[in-house]
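Residues per chain, in single letters:
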Amino acid sequence: MASKPVGLTDAKIRGLKAPPEGQVEIKDAIVPGLRLRVGASGARTFLLRKRVAGVVRNITIGRYSDRFGLMDARKKARIVLSDIEAGGDPYQHVPKPMRGAAAGTLRGMWPDYRAAKADRRSIAEIERVFNRHILPKFGDRMPETITRAEITRFIDSIAAETPVMARGVLGQFSSFYGWALPRLERLQFNPCRDAGRPPPPKARDRVLDVREVGLLWNILGEEGPPFGPAIKLLLLTGQRRNEVFSADRSEFDFETGLWTIPASRAKNGIAHLVPLASPAIDLLNEIWALSDSDKLLASRGDTETGPSGFSKTMARLRRAMETQMGRSVQHWTLHDLRRTVATGLQRLGVRLEVTEAVLNHVSGSRAGIVGVYQRHNYFEEKKAALEAWGDELIRLAACHPLNPKLPPVRLRRSSDTMVALGKAKGEGAKRSAAVSAARRATSKCEQRA
């Protein structure tokens, strides 16, 4: 919407209020065709509307700022008008599009921002957040035109489904603006700073009880690779999900029974030595036979990356546990297994500082001045603790066998129906035999419990 020509001044321009939506244009009474466009974001842009070769063109003169005021816009507009009258190029005095950090749009700035963060351990998460959330929504927008209200609505829409992810997206977006602020003259402030922020999630305290742990171990045996062995390794070692699922085979040394998680993959940036208990070594030998990839657990389509499909797998495992329990089970996640391991170690009498060393925590008893002067890595204590915990897992699995009358966790069929049925029958016989053996050990389990 355009207004009648008015005598524009810098003071009037600075005092203009942005329209609630869309944009308005104010004609300049001094230079014919010169207009000031004001958008809902508050951005003020000079443009020249002029008929060129029979076609009406909108030629951008420049964005209003402290360095480019009304007098500058009028001067440049007169030069462009003179070029048009002389038959020259009306765009020769107009700023040319730029690339990289000055490309204008968020998508144009993304390669430079990614390069600036390339050495961060969280670069994979940064890429995921931008490619999945930020770029699809704001990729074609100029950062200085994105308002606080828009960001709030955007974050609220994510929080409606995944509140934790919403906080992560807002944090990554705010980091981008912190990087862009000194690189964009027209960007006056970080709009994420005062945008609405979802409340922090409640601290989780879910711990699987002894029956759930025993049933889960047996369920994972039926789940099969890659998730069955991988989650068993989570239970045996108490390490983080990404540390297990992104592990390289070169990190494992069977001769010394040691798994070395490099600092580049550890969440706290500190290399971590994980002693491998006997059940863990047996499990790794089984995983080794699945493929010859450099990754411990390679995806089916790409041997250079870990497996995908966590959501479907977790839903399947939760359903299987509820089926075996015969009742609803409180929601649990893979990270809850880490807490379950810590609780199990405490139940076995392992000292708190040893439990924290197993988990590679630098909080609690290993934080502050104690962490500075206490450099003991508790390797032998960790080894003894994980051996005891491995034995406990095997015992709990024997104490809580699966009900053979219930359907298996996962049905696997060959393309040949007869072969599939024969294989299913063979697996069923093995399962029944395993269950019978487990039941024979139940009395011992009850005595120990």
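Residues numbered from 1 in each chain as written. Predicted model: local features only at pLDDT ≥ 70, side-chain atom pairs only at ≥ 80, totals over all residues. Heavy atoms only, no water.

Enquirer: When you look at the overall build of the protein chain in this model, what are you seeing that I'm missing?
Expert: What the protein chain contains, in helices and strands, is 17 helices and seven strands. Relative to its 449 residues, the protein chain shows a buried fraction of 41%. The contacts in the protein chain between residues at least 6 apart in sequence include a share of 58% that link residues at least 24 apart. Per element, the accessible surface of the protein chain, about 24700 Å² overall, is 53% carbon and sulfur. (Helix = DSSP H or I, 4+ residues; strand = E, 2+ residues; numbered from the N terminus. Buried < 20%, exposed > 50% of the residue type's maximum accessible area, 1.4 Å probe, protein only. Contact = heavy atoms within 4.5 Å. Areas by Shrake-Rupley, 256 points an atom, 1.4 Å probe, with all protein chains shown as cover.)

Enquirer: It is not clear to me how the confidence of the model for the protein chain should be interpreted in this structure. Could you clarify?
Expert: For any part of a model where pLDDT is low, the fine detail of the predicted coordinates should not be relied upon. Chain-level statistics for the protein chain give a pLDDT mean of 82 and a share of 81% at 70 or above. Throughout residues 365-375 the model reports pLDDT below 50, and contacts reaching past four residues in sequence, or to other chains, amount to 10 contacts. Confidence over residues 412-426 falls short of pLDDT 50; this stretch has six contacts with residues more than four positions distant or in other chains. (pLDDT = per-residue confidence, 0-100.)

Enquirer: How should I be thinking about helix H12 (residues 334-347) in this particular structure?
Expert: Because an α-helix packs 3.6 residues into every turn, residues spaced three or four apart end up facing the same way. The terminal C-alpha atoms of H12, which comprises 14 residues, lie 20 Å apart, in line with the 20 Å expected from a rise of 1.5 Å per residue. Among the residues of H12, Leu334, Asp336, Leu337, Arg338, Thr340, Val341, Ala342, Gly344 and Leu345 are the ones counted as buried. Remark: Gly349 follows H12 within two positions and exhibits a positive phi of approximately 90°. (Expected span 1.5 Å × (residues − 1).)

Enquirer: Help me out: how do you make sense of the nonpolar core in this one?
Expert: Soluble, globular proteins show a tendency: their nonpolar side chains are buried together. In terms of nonpolar packing, the biggest core is built from 54 residues, with Ile231, Phe245 and Trp332 touching the most fellow members. Here the element with the most residues in this core is helix H8 (residues 227-237); it accounts for seven residues. Counting 30 residues, the second-largest nonpolar core is a separate cluster that includes Leu106, Tyr113, Phe130 and Leu135. (Core = buried A, V, L, I, M, F, W, Y, C linked by side-chain atoms within 4.5 Å.)

Enquirer: Where do I start with the sheet that holds strand E5 (residues 252-253) in this structure?
Expert: Within a sheet, each strand pairs with its neighbour through backbone hydrogen bonds, oriented either parallel or antiparallel. Spatial ordering of the open sheet is given by E5-E6-E7, a layout of three strands whose pairing is antiparallel. A single partner strand is all that each edge strand has here, and the edge strands are E5 and strand E7 (272-275). Pairing analysis gives two bridges linking E5 to strand E6 (residues 258-261), with the strands arranged antiparallel. Residue pairing in the sheet places Asp253 in a bridge with Leu258 of E6. (Pairing = 2+ DSSP bridges.)

Enquirer: Would you explain the pairing of strand E3 (residues 44-52) in this entry?
Expert: Regular strands place side chains that alternate from one sheet face to the opposite one. Pairing between strand E2 (residues 34-39) and E3: five bridges, direction antiparallel. Residue pairing for E3: Arg35 is matched across the bridge by Leu47. Once E2 ends, the chain turns through four residues before running back antiparallel as E3, passing Gly42 with a positive phi of about 95°. Where E3 and strand E4 (residues 55-63) come together, eight bridges link them in antiparallel fashion. When the bridges of E4 are listed, Leu47 appears paired with Thr60. Where E3 folds back on E4, the antiparallel hairpin that results is connected by two residues, among which Ala53 adopts a positive phi of roughly 55°.

Enquirer: Looking at this structure, I do not really get the environment of Lys232. What am I missing?
Expert: In this fold, Lys232 is placed in helix H8. Classification of Lys232 by relative accessible area gives buried; the value is 15%. Sequence-distant contacts of Lys232, that is, excluding residues within four places in its chain, are made with Trp217, Leu220, Gly221 and Leu283.

Enquirer: Which parts of the structure should I look at to understand the sheet that holds strand E1 (residues 23-27)?
Expert: Spatial strand order, E1-E2-E3-E4: four strands in an open sheet with antiparallel pairing. Looking at the sheet topology across the chains shown, the edges are occupied by E1 and E4. Across the sheet, the mean angle from the axis of one strand to that of its neighbour is 30°, orientation sign disregarded. Lying on the sheet, helix H2 (residues 70-85) is in contact with E2, E3 and E4; it crosses E3 at an angle near 15°. (Axes fitted to C-alpha atoms, helices over the stretch in contact; angles between N-to-C directions.)

Enquirer: Help me understand the packing of H12 against helix H15 (residues 379-399), please; the structure alone is not making it clear to me.
Expert: Two packed helices can be described by the angle between their axes and the distance between those axes. It is at 10 Å that the axes of H12 and H15 come closest, and there the two elements cross at 100°. In this view, H12 runs roughly perpendicular relative to H15, as classed from their interaxial angle. Contact residues: Thr340, Val341, Gly344, Leu345 and Arg347 in H12; Ala385, Trp389, Glu392 and Leu396 in H15. Grouping the constituent residues of the contact of H12 with H15 by class yields five nonpolar, two polar and two charged. (Parallel < 35°, antiparallel > 145°, perpendicular 65-115°, else oblique. Nonpolar A, V, L, I, M, F, W, Y, C, P; charged D, E, K, R; others polar.)

Enquirer: What is the right way to look at the pattern of salt bridges in this model?
Expert: A side chain with one charge can pair with a side chain of the opposite charge if their charged atoms come near. All chains considered together, the criterion is met by 19 salt bridges. The partner of Glu25 in a salt bridge is Arg37, with the nearest N and O atoms 2.7 Å apart. In this pair, Glu25 is assigned in strand E1 and Arg37 in strand E2, connecting sequence segments 12 residues apart. Overall, Glu25 belongs to the buried group, its relative accessible area being 8%. Two residues, Arg240 and Glu243, come together in a salt bridge whose shortest N-O distance is 3.1 Å. Overall, the relative accessible area of 14% leaves Arg240 in the buried class. By sharing partners, the salt bridges in this structure join Glu25, Arg35, Arg37 and Arg49 into a single network. (Salt bridge = Lys/Arg side-chain N within 4 Å of Asp/Glu carboxyl O.)

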